[in-house]
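# Residue-level structure breakdown
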Amino acid sequence: MNINLDKYKNLTRNLAREFINLNPIQRGGILPKEAKKAVYEYWDGYSVCDYCHGRLDEVTNPPIKDFLEDIAKFLNMDYTRPTHGAREGKFIVMHSICDEGDYVVLDKNAHYTSYVSAERAKLNIAEVGYEEEYPTYKINLDGYKEVIDNLEDKGKTVGLILLTHVDGEYGNLNDAKKVGKIAKERGIPFLLNCAYTVGRMPVDGKEVKADFIVASGHKSMAASAPCGILAFNEEFADKITKTSQRFPVKEVEMLGCTSRGLPIVTLMASFPHVVERVKRWDEELKKTRYVVDELEKIGFKQLGIKPKEHDLIKFETPVLDEIAKKDKRKGFFFYDELKKRGIGGIRAGVTKEIKMSVYGLEWEQVEYVVDAIKEIVEKYGE
Ligand SMILES: Cc1ncc(COP(=O)(O)O)c(C=O)c1O
């Protein structure tokens, strides 16, 4: 065997712990210290299966069964199951409730994993477009009606309506209740993709008339990847939790058991922290809007709906692009300068547009980030 194993020794992370990480996909997945402690207890393989009597969702030690009931209450949904992430939840819904060839109607800002889930489930896609493209990229939610009507007029079956609660490109928050109402009127099941919302901000499934909610533990619930939650209502419980003919205790869509180790433990251990932090969502929005106000003063331009209703910020940054043309480090100057100031998470080499989030940072840190960016622009700009 000629394999060099040295590279696996002493694995360390470049983005050092003391860095302020501005990457929007990572800010909601930072573990509180309670969850870090649980890691030491449960880091071995199938660590949650010590007292299993056949199925993950029924394990009482650690308290997975209770957790799934509690998280259903937290989301105001009837039932939940653990998954490996939002994408696995979407696939489970599509695969279990749609028939091959059905249409999934989704918003144009949907994540690639929504498309890939549909493809894997052998479904077709129809998109709902924008009310406005540049600069807000706001989805025309009334457009769901038109897209559904057009498909039905052509004799097609719409098996599912999917809405991205907050998208990963612009951080636009959609009015889920509006789409939930359309879904109810048309009698079509409604899946709300809450990868960027559940765990960061309050979400009430019944209020928005969602039949299914998918959430992402590692993106927004302060958990280690990969893990997530699929929540569903009574009406669809039989389909989602159908058991195997040959192994009657095992749920087919879960392939028996999903998150069977450390990730689900971090998800549970972080739950008290998550329950508390969503109550402080207004404060998070204040921080986000402060960043936008301050950085627009130095020539950044926020894309997406204004004012911000979510912490993911996308900026057009012509000032950075101008500097990159002259600096010998080219586009890498910004990454480099941020790194010197203990800030990471902005894509290296990119200066035309940047994405960032200050979710969960202390106000002092938010101000530090804003001042650091202003200082860099002042120092290197004209
Ligand atoms: C809107 C949205 N949905 C889903 C996902 C995927 O989440 P997961 O990794 O939990 O499948 C992402 C990841 O960036 C996302 O932005």
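Keep in mind that this is a model prediction, so the values were computed, not measured.

### Things to note about the packing of helix 6 (residues 143-153) against helix 7 (residues 176-186)
Orientation of helix 6 relative to helix 7, taken along the N-to-C sense of each, is 30°, at an axis distance of 10 Å. One finds that helix 6 runs roughly parallel with respect to helix 7. Helix 7 is crossed by helix 6, and the crossing has right-handed handedness. Contacts between helix 6 and helix 7 pair Tyr144, Lys145, Ile148 and Asp149 from the former with Val179, Ile182 and Arg186 from the latter. Here the contact of helix 6 with helix 7 is composed, by residue class, of 4 nonpolar, no polar and 3 charged.

### Focus on the pattern of salt bridges
Under the counting rule described, the total for this entry stands at 36 salt bridges. Glutamate 69 is paired through a salt bridge with lysine 65; the nearest N and O atoms lie 3.7 Å apart. Of this pair, glutamate 69 and lysine 65 both sit in helix 3 (residues 64-75), 4 residues apart, which is roughly one turn of the helix. Residue classification places glutamate 69 among the partly exposed residues on the basis of a relative accessible area of 41%. The residue lysine 374 makes a salt bridge to glutamate 294 at a minimum N-O spacing of 2.5 Å. Taken together, the residues lysine 374 in helix 15 (residues 363-380) and glutamate 294 in helix 12 (residues 281-296) connect sequence positions 80 residues apart. By relative accessible area, lysine 374 is classed as partly exposed at 22%. Residue glutamate 294 is classed as buried on the basis of its relative accessible area of 12%. One network of salt bridges, with partners in common, ties together Asp327, Arg329, Asp336, Glu337, Lys340, Arg341 and Glu375.

### Here's the deal with the UniProt feature "modified residue: N6-(pyridoxal phosphate)lysine" (unreviewed entry) in the protein
UniProt marks Lys219 with the feature "modified residue: N6-(pyridoxal phosphate)lysine" (unreviewed entry), using the numbering shown here. Looking at the element boundaries, lysine 219 is found in helix 8 (residues 217-220). By relative accessible area, which is 16% here, lysine 219 ends up buried. Look past the residues within four positions of lysine 219 in its chain and what remains in contact with it is Ile25, Gly28, Gly29, Ala195, Tyr196 and Arg200.

### Things to note about the site of the ligand
Of all residues adjacent to the ligand, which total 15 residues, the nearest are Ala86, Arg87, Ser216, His218 and Lys219. Within the side chain of histidine 111, one N or O atom sits 3.1 Å away from an oxygen atom of the ligand. Listed by contribution, the elements that provide at least two residues to the shell around the ligand are helix 4 (86-97) and helix 8. With 3 residues, the top contributor of residues to the shell around the ligand is helix 4.

Conventions and cut-offs
- Residues numbered from 1 in each chain as written.
- Predicted model: local features only at pLDDT ≥ 70, side-chain atom pairs only at ≥ 80, totals over all residues.
- Heavy atoms only, no water.
- Axes fitted to C-alpha atoms, helices over the stretch in contact; angles between N-to-C directions.
- Helix = DSSP H or I, 4+ residues; strand = E, 2+ residues; numbered from the N terminus.
- Parallel < 35°, antiparallel > 145°, perpendicular 65-115°, else oblique.
- Left-handed = near helix turned anticlockwise from the far one by under 90°.
- Contact = heavy atoms within 4.5 Å.
- Nonpolar A, V, L, I, M, F, W, Y, C, P; charged D, E, K, R; others polar.
- Salt bridge = Lys/Arg side-chain N within 4 Å of Asp/Glu carboxyl O.
- Buried < 20%, exposed > 50% of the residue type's maximum accessible area, 1.4 Å probe, protein only.
- UniProt positions renumbered as here; feature names shortened; annotations may be inferred.
- Near = heavy atom within 4 Å.
- Polar contact = N/O pair within 3.5 Å; in protein donor to acceptor, adjacent residues only side chain to side chain.

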